[in-house]
Amino acid sequence: MHLGASVASSASSLCRTHHLACRFQDPDRSWIYRHSELIPGKRRGKVVPLRANFWESIKSGFGKNDNTTQVVEPPTSIEEEETLPLEIVLLERTRPDGTFEQIIFSSAGDVDVYDVQALCDKDNWIFQVGWPRRPLGKIAASLKNSYLVATLHSICRPSGSEVNDKKQLIGMARATSDHAFNATIWDVLVDPSYQGQGLGKALVEQLIRTLLKRDIGNISLFADNKVVDFYQNLGFEADPEGIKGMFWYPRY
Amino acid sequence: MAIACAAVYSACFASAAFPLARSLNRSLKAGRPPLPISISANPSHVDPLQLRDLLAAANYSCHRFPALSPDGRVEPTDLGKLHLALSHSSIVVSVFCRSKFLAEDDCGICRADVFPFSLENLLGSAVPASKNDLQMVGFGRAVSDGGLTASIHDVVVNPPLQRRGIGRKIVAQITRILTSRGIYDISALCSENERLFFNACGFGKDFLGSTTMMYTRTASGCLNNNEVIQPAGRMLLLVPPGQEQYMTTVNIAQPETL
């Protein structure tokens, strides 16, 4: 089950970035980062439009001048570009065999659920709290409905190439949110052969940066003991002011 | 998991079948008459203004680290953000009570000796309550990704009506809806005060032993040139640097052989 067309070459992905940047004139920002929106011609994901209009109609009755709810003017384009790192080349290098490799960070949420499952199946990735094998349908639904899905892809171009680039998913992180106050980061994954290079750090930092820039202040996550230090280095604190996460236990 | 579902459903059928008996029991214990409340999972029943007032009455802030005034009050909740949060919460549960019951209740008039089936009460419940008559006394919401996980936020009950089981009903309703959608990984961030409440609702420590962490990095001292802060309640959170910084500081690693 593909969530989006996979991009074969970096050139076309850059074109797509530009195209998508133009679409973000929508005054209601809550639309913008739905990755279902970013795939032209396909309607997917929650049917938010009816609700958004419902709230617009109620909002029009309120006198409060709040720039997050104004329907009239779209955000300035400069501000938009700053807060939308849709695709960024994190690093470029040439391997000894002459292959040219780029690592691309993307928050477009364009990810194939089979790639995600393959990524999870690899040994020794350490960033995630126990991930049992879950049904593909559930993974797909959760990716579709996550507020932010950030991915790392490696694009390899063999030297002297007229051949198509090879694009591979090597990292992913996602966050669920209510778009206003709370966000929880789930499932930070990095391919074992790419770990130790600061890529996981970049992934999480970009997530935090995006969330904060959208004024979402409660960023939480549930970390496995092995990775508590990793997140501490990134600015997370365990049980801050006694705040703990509790989980529902089914009653038999 | 199927057993868990069955247990939850049978529990809710039982309470639906014998509401009067359970509420009478509770009133005998508490010495107060049961409060006739209605609970709704329909998001359109929530008036954001009423919700904001409820949050203010309970001195509750949606920010985890709220800014407090000298007398301990939190800032009023931003209405625009409340709209956003409501429209993007998978489940929104609200509890209402008719104003007249609240008025009598607050006065402390003992109604235990009033026969519950008095003519006045029967007529009162026969006439549907108008919207203006209903007051929101409780609220709770959950955010979910529709497949794997969900987190519960902002469970609030009007302080005069706390400790009467309303909050527990809200959480039970939320978890019931989530489990009916096949989501069993339900979390709730709790402060020290809220922990006992969620314990009573059937929540406990993560059986996988995970550590709850929140982003709390603030700027220390003066800001450097390219440091940006984002206020969240009383926290001035440091925004991590943009990618240009990453590009310059990382050393191009030795190529890996895949």
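Rules and cut-offs
Residues numbered from 1 in each chain as written. Chains lettered and ligands numbered in written order. Predicted model: local features only at pLDDT ≥ 70, side-chain atom pairs only at ≥ 80, totals over all residues. Heavy atoms only, no water. Helix = DSSP H or I, 4+ residues; strand = E, 2+ residues; numbered from the N terminus. Buried < 20%, exposed > 50% of the residue type's maximum accessible area, 1.4 Å probe, protein only. Contact = heavy atoms within 4.5 Å. Core = buried A, V, L, I, M, F, W, Y, C linked by side-chain atoms within 4.5 Å. Buried area = accessible area lost by both parts, 1.4 Å probe. Salt bridge = Lys/Arg side-chain N within 4 Å of Asp/Glu carboxyl O. Pairing = 2+ DSSP bridges. pLDDT = per-residue confidence, 0-100. Axes fitted to C-alpha atoms, helices over the stretch in contact; angles between N-to-C directions. Phe/Tyr/Trp six-rings, centres within 6.5 Å; stacked < 30°, edge-to-face > 60°. Patch = residues over 30% accessible without salt bridge, like charges linked within 9 Å, V, L, I, M, F, W, Y side chains within 5 Å. Areas by Shrake-Rupley, 256 points an atom, 1.4 Å probe, with all protein chains shown as cover. Parallel < 35°, antiparallel > 145°, perpendicular 65-115°, else oblique. Left-handed = near helix turned anticlockwise from the far one by under 90°. Nonpolar A, V, L, I, M, F, W, Y, C, P; charged D, E, K, R; others polar.

A. Up close: the overall build of chain A. The number of helices and strands found in chain A is 7 helices and 8 strands. In chain A, which comprises 252 residues, the proportion classed as buried is 57%. In chain A, of all internal contacts separated by at least 6 residues, the share reaching a separation of at least 24 is 65%.

B. Region of the structure containing the overall build of chain B. A count of helical and extended segments in chain B gives 9 helices and 9 strands. Out of the 258 residues belonging to chain B, those deemed buried represent 45%. Counting only contacts in chain B whose residues sit at least 6 apart along the sequence, the fraction spanning at least 24 positions is 69%.

C. Looking closely at the nonpolar core. Of all hydrophobic cores here, the largest spans 49 residues; its most connected members are Ile185(A), Val204(A), Tyr231(A) and Phe236(A). Examining the composition of this core, we find that 8 residues originate from one element, helix 6 (residues 199-213) of chain A, more than from any other. Leu102(B), Val157(B), Ile170(B) and Ala188(B) belong to the second-largest nonpolar core, a separate cluster that totals 29 residues.

D. A look at the interface of chain B and chain A. With 89 residues of chain B at the interface, the matching set in chain A holds 86 residues. Here chain B and chain A share an interface that buries about 8200 Å² over both sides, 61% of which is from carbon and sulfur atoms. When residues of chain B are sorted by the area they lose upon contact with chain A, His88(B), Leu148(B) and Met213(B) head the list and together hold 10% of the total. Inspection of the chain B/chain A interface yields 4 salt bridges.

E. Here's a closer look at the sheet that holds strand 4 (residues 149-157) of chain B. In spatial order, the strands read 1(B)-2(B)-3(B)-4(B)-5(B)-8(A)-6(B); together these 7 strands make up an open sheet with mixed pairing. Only two strands of the sheet have a single partner each, and these edge strands are strand 1 (37-40) and strand 6 (203-204) of chain B.

F. Structural detail: the environment of Phe236(A). With respect to the helices, strands and loops of the structure, Phe236(A) is situated in strand 7 (residues 236-238). For Phe236(A), a relative accessible area of 3% corresponds to the buried category. Sequence spacing of Phe236(A) and Ile219(A) is 17 residues, and the spatial spacing of their C-alpha atoms is 8.9 Å. Look past the residues within four positions of Phe236(A) in its chain and what remains in contact with it is Ile185(A), Val204(A), Ile208(A), Ile219(A), Leu221(A), Tyr231(A), Met213(B), Met214(B) and Tyr215(B).

G. Spatial organisation of the confidence of the model for chain A. Residue and element names in this part refer to chain A. Confidence in the prediction of chain A, expressed as mean pLDDT, is 68, and 60% of residues score 70 or more. Under a pLDDT of 50 for its full length, residues 1-53 has, in the predicted model, 93 contacts with residues more than four places off or in other chains. Segment residues 124-130 is flagged for pLDDT under 50; beyond a separation of four residues in sequence, or across chains, it makes 27 contacts in the model.

H. Local environment of the sheet that holds strand 7 (residues 211-215) of chain B. Spatially, 1(A)-2(A)-3(A)-4(A)-5(A)-6(A)-7(B)-7(A) is the arrangement adopted by the 8 strands of the open sheet, whose pairing is mixed. At either margin of the open sheet sits one strand with a lone partner, and together these are strand 1 (87-94) and strand 7 of chain A. Between one strand and the next, the sheet's axes are offset by a mean angle of 25°, whatever the strand orientation. The pairing of strand 1 of chain A with strand 2 (residues 100-106) of chain A spans 7 bridges and is antiparallel. Counted as the bridge partner of Thr94(A) is Phe100(A) from strand 2 of chain A.

I. Spotlight on the environment of Met136(B). Residues and elements named next belong to chain B. Relative to the elements of secondary structure, methionine 136 occurs in strand 3 (residues 134-144). Spatially, the C-alpha atoms of methionine 136 and valine 95 are 5.8 Å apart, while their sequence positions differ by 41 residues. For methionine 136, the residues in contact, after removing those within four places along its chain, are Val46, Asp47, Gln50, Leu51, Leu54, Val95 and Phe96.

J. Just the environment of Phe222(A), in detail. Residue and element names in this part refer to chain A. When you line up the elements, phenylalanine 222 lands in strand 6 (residues 218-223). Judged by its relative accessible area of 11%, phenylalanine 222 falls in the buried class. Through-space distance from the C-alpha of phenylalanine 222 to that of isoleucine 185 is 8.0 Å; in sequence the pair is 37 residues apart.

K. Examining the packing of aromatic side chains more closely. Taken as a whole and judged by the stated rule, the model has 7 aromatic pairs over all chains. Judged by centre distance (5.3 Å) and plane angle (75°), the rings of Phe198(B) and Phe203(B) are edge-to-face. Ring-pair connections join several aromatic residues into one group, and the members of that group are Phe230(A), Tyr231(A), Phe236(A) and Tyr215(B).

L. Quick look at a nonpolar patch on the surface. A surface patch of nonpolar side chains, amounting to about 330 Å² of accessible area, comprises Tyr249(A), Phe207(B) and Leu208(B). On the secondary structure map, Leu208(B) appears in the loop between strand 6 and strand 7.

M. Fine view of the packing of helix 4 (residues 113-121) of chain A against helix 5 (residues 136-144) of chain A. Residues and elements named next belong to chain A. Helix 5 packs onto helix 4 with a crossing angle of 110° between their chain directions and a minimal axis gap of 10 Å. Regarding the angle of helix 4 to helix 5, the classification is roughly perpendicular. Crossing handedness for the pair helix 4 and helix 5: right-handed. Note on element contacts: helix 5 touches helix 4 through Leu136, Ile139, Ala140 and Leu143, opposite Val113, Tyr114, Val116 and Gln117. Partitioned by chemical class, the residues of the contact of helix 4 with helix 5 number 7 nonpolar, 1 polar and no charged.

N. Molecular detail of the pairing of strand 8 (residues 244-248) of chain A. In terms of residue burial, strand 8 of chain A counts as a mostly covered element, since 4 of its 5 residues are buried. Sheet topology note: the strand 8 of chain A/strand 5 (residues 185-190) of chain B ladder contains 4 bridges and is antiparallel. Residue pairing for strand 5 of chain B: Phe247(A) is matched across the bridge by Ser187(B). Bridging between strand 8 of chain A and strand 6 of chain B involves 2 bridges; their strand directions are antiparallel. Of the residues in strand 6 of chain B, the one forming a bridge with Trp248(A) is Phe203(B).

O. View of the side chain of Asp154(B). Note that Asp154(B) resides in strand 4. Setting aside anything within four residues of it in sequence, one finds Asp154(B) in contact with Tyr60(B), Cys62(B), Phe139(B), Gly140(B) and Arg141(B).

P. Summary view of the pattern of salt bridges. Under the defined criterion, the tally for this structure stands at 13 salt bridges over all chains. We note a salt bridge from Arg174(A) to Asp145(B), for which the minimum N-O separation is 2.8 Å. Taken together, the positions of Arg174(A) in strand 4 (residues 166-177) and Asp145(B) in the loop between strand 3 and strand 4 put the pair across two chains. The exposure classification of Arg174(A) matches that of Asp145(B), with both residues buried. What you see here is one network of salt bridges that share partners, running through Arg93(A), Arg95(A) and Glu101(A).

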